[in-house]
Amino acid sequence: APGRDEAVAEELEALADRARLRGAGDVAVSALERAAELSADPQSRADRLFLAGDLAQKLGRSSDAVHFLRAAQQIGLPAAEDATASFYLEVAENTWSGAAMICNFARIARELADSGEGRRALDALETIAVRAYWERLDDEMRREIASIFDEIAVAADETGRLQIIGLIDPIGRGKQVLDEVVR
């Protein structure tokens, strides 16, 4: 397609990663946006738009996040990224689909854990942990999500691990969290 250059898009994506690591989030978002524009492959374009939207959301740039995430969803995202985009859009638009969203993330986390992607599975649960805490989930659902958490292969000292399980199942797992914090 005219104006598409995957090699330049890849360089811009690498530049965005370096900028993000150095604390230049706005530069990273701009680089990802331009990389998406130059992407020859629609999936690469969607992935880069998702990354731009994810970072824009973390930077508090809600309108930019909504724009990038919607564009990425229109092209098509993998299940985990699509669910994350939907969640961020709900947050930005102050809506909530309720327990269905939590169940969707739990299903995705299980699929990621089963395929050996422990860190991404933990990220999926982390995304909805606070919502799970406040949602009126029944005990069975909390135990089911906690069992998915138990299946995720991550280090015991993984950042956020205790926070996630404490939020997802505060009554059932509270003692476990306290015991691990004391160690």
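Here, the structure is the one placed above.
Every chain is numbered independently, its residues counted from 1 as its sequence is written. For a predicted model such as this one, the threshold for reporting local features is a pLDDT of at least 70, and the threshold for listing and counting side-chain atom pairs is 80 or more; totals across whole chains, interfaces and linings nevertheless cover every residue. Side-chain measures were taken over the full set of non-hydrogen atoms in the model, leaving aside hydrogen atoms and water.

**Some details on the environment of Asp-139**
Applied cut-off: Only DSSP runs of H or I with at least four residues qualify as helices, and only runs of E with at least two residues qualify as strands; both kinds are numbered from the N terminus onward.
With respect to the helices, strands and loops of the structure, Asp-139 is situated in helix H8 (residues 139–151). With 27 residues separating them in the primary sequence, Asp-139 and Gly-166 have C-alpha atoms 14 Å apart.

**Quick notes on the environment of Val-66**
What counts is decided by this rule: The contact rule is simple, with two residues in contact once any of their heavy atoms fall within 4.5 Å.
Considering the arrangement of structural elements, one finds Val-66 in helix H4 (residues 62–75). Put simply, Val-66 and Glu-117 are 51 residues apart on the chain and 27 Å apart in space, counted from C-alpha to C-alpha. Excluding residues that lie within four positions of it along the chain, Val-66 makes contacts with Leu-89, Ala-92 and Glu-93.

**Concerning the side chain of Asp-169**
For clarity, the threshold we go by: To sort residues, take the accessible area from a 1.4 Å probe on protein chains only and compare it with the maximum for the residue type: under 20% means buried, over 50% means exposed, and anything in between is partly exposed. In summary, the charge assignment counts Lys and Arg as positive and Asp and Glu as negative, without counting His or the chain termini. The working definition used for a salt bridge is a side-chain nitrogen of Lys or Arg within 4 Å of a carboxyl oxygen of Asp or Glu.
Relative to the elements of secondary structure, Asp-169 occurs in the loop between helix H9 (161–168) and helix H10 (170–182). Buried charge without a partner: Asp-169 forms no salt bridge, and the closest opposite charge is Arg-173, 4.4 Å away.

**Examining helix H5 (residues 79–92)**
Short version of the rule: In a helix, the anticipated span is given by 1.5 Å times the number of residues less one.
When the terminal C-alpha atoms of H5 are compared, their 20 Å separation across 14 residues agrees well with the 20 Å that a helix rising 1.5 Å per residue should span. Inspection of H5 places Ala-80, Glu-81, Ala-83, Thr-84, Ala-85, Phe-87, Tyr-88, Leu-89 and Glu-90 among the buried residues, and these make up the whole buried set. In this structure, the buried side of H5 is in contact with helix H3 (42–58), H4, helix H6 (99–114) and helix H7 (118–134).

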